[in-house]
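Report on the structure
Chain by chain, the residues run as shown.
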Amino acid sequence: MAASARSTSAADRPGMGLRERKKLKTRVAIREATYRLIAEQGYDATTVEQIAEAAEVSPSTVFRYFPTKEDIVITDEYDPALEAELRARPADESIADSLKHVIAHAVCLGFDDDPEVSRLRTRLQVEVPAVRSRMMESMCATGQLLCRVIGERTGRDADGLEVRVYAMALVGALMETTLYWAEHGHQEGLRDLMDRTLETFRNGL
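The present account deals with the structure reproduced in this document. Because the structure is predicted, anything quoted here is derived from the model rather than measured.

Within the chain, Glu56 stands out as a residue other than glycine whose phi angle is a positive 60°. Looking at the element boundaries, Glu56 is found in the loop between α2 (48-55) and α3 (59-65). The exposed category is assigned to Glu56, whose relative accessible area is 74%. Positive phi, normally seen in glycine, also occurs at His186, with a value near 55°. The residue His186 is located in the loop between α9 (161-183) and α10 (190-203) in this model. Among the residues examined, His186 registers a relative accessible area of 16% and is labelled buried.

Let us now look at α9. Here α9 spans 32 Å end to end across 23 residues, near enough to the 33 Å set by a 1.5 Å rise per residue. All of the buried residues in α9 are Val163, Ala167, Leu170, Val171, Leu174, Met175, Thr177, Thr178, Leu179, Trp181 and Ala182. Just past α9, the residue Gly185 takes up positive phi, approximately 70°.

This paragraph deals with empty space enclosed by the protein. Going through the model one piece at a time under the given rule, you end up with 2 cavities of 30 Å³ or more. Of the voids in this model, the largest cavity is the one considered here, and its volume is about 60 Å³. Taken together, Ala96, Leu99, Lys100, Tyr166, Leu170, Leu198, Phe201 and Arg202 make up the full set of residues lining the largest cavity. Elements with a contribution of two residues or more to the lining of the largest cavity: α6 (95-113), α9 and α10. Its residues assigned to classes, the lining of the largest cavity comprises 6 nonpolar, no polar and 2 charged.

Looking now at the packing of aromatic side chains. Tallied over the entire structure, the rule returns 1 aromatic pair. Seen in terms of ring centroids, Tyr166 and Phe201 are 5.1 Å apart; in terms of plane orientation they differ by 70°. Their pairing is edge-to-face. Of the two residues, Tyr166 is situated in helix α9 and Phe201 in helix α10; the sequence distance between them amounts to 35 residues. Overall, the relative accessible area of 28% leaves Tyr166 in the partly exposed class.

Leu82, Leu99, Leu124 and Leu146 are the most contacted members of the largest nonpolar core, which has 37 residues in total. Broken down by secondary-structure element, the contributors of at least two residues to this core are α1 (18-41), α4 (69-74), α5 (79-88), α6, α7 (115-127), α8 (129-154), α9 and α10. Excluding anything up to four places from it in sequence, Leu124 contacts Ile38, Tyr43, Val73 and Val131. Formed by 11 residues, the second largest nonpolar core is a distinct cluster that contains Ile30, Leu37, Val48 and Ile72.

Conventions used here
Residues numbered from 1 in each chain as written. Predicted model: local features only at pLDDT ≥ 70, side-chain atom pairs only at ≥ 80, totals over all residues. Heavy atoms only, no water. Helix = DSSP H or I, 4+ residues; strand = E, 2+ residues; numbered from the N terminus. Buried < 20%, exposed > 50% of the residue type's maximum accessible area, 1.4 Å probe, protein only. Expected span 1.5 Å × (residues − 1). 1 Å grid on protein atoms, 1.4 Å probe; cavity = no way out; pocket = protein on both sides within 12 Å on 5 of 7 lines; lining within 4 Å. Points joined across faces, edges and corners; volume = space filled by probe spheres on them. Nonpolar A, V, L, I, M, F, W, Y, C, P; charged D, E, K, R; others polar. Phe/Tyr/Trp six-rings, centres within 6.5 Å; stacked < 30°, edge-to-face > 60°. Core = buried A, V, L, I, M, F, W, Y, C linked by side-chain atoms within 4.5 Å. Contact = heavy atoms within 4.5 Å.

In structure tokens, the structure reads:
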């Protein structure tokens, strides 16, 4: 999810093989180098070649993990955790309550891990059109994930119109929340904004 930040501890998750841990550590190293360079010299001035040098990998390795520079900024490791947590919620819990619990937790994970990086990423989503456009594409993948889980939980077709509308409307609401947070200088608490968003989504205006 686009509001989350890095997850260095993810490389130490139990059950991951050595190869997977190495891959994840490389991804984290590339992202951390990118954030540091952008914070120092700005987004446009930061090149993939500079990122590769700072992360001690080749430019081709950077592109193997992240097809574009925008992907480095917006990509995180949280969607699989989001899906797993949604599937683990009580079967008799309403889908709205499950989503409120899991999404609020998942979106705020990145902020707790590194608040400064979260602020940087969301600021770039507002200021750099290419980053914002790529974020919208990425959130579509999150929406498809939600469609699968919502379909299973409700017994509906995951590709049905109602499920797709519900999932993508929620994704859009979350994206607008992160943009609002950045546009207003990160003054309000992200957790509070997420609670307001999910309550608005549930109850309307």
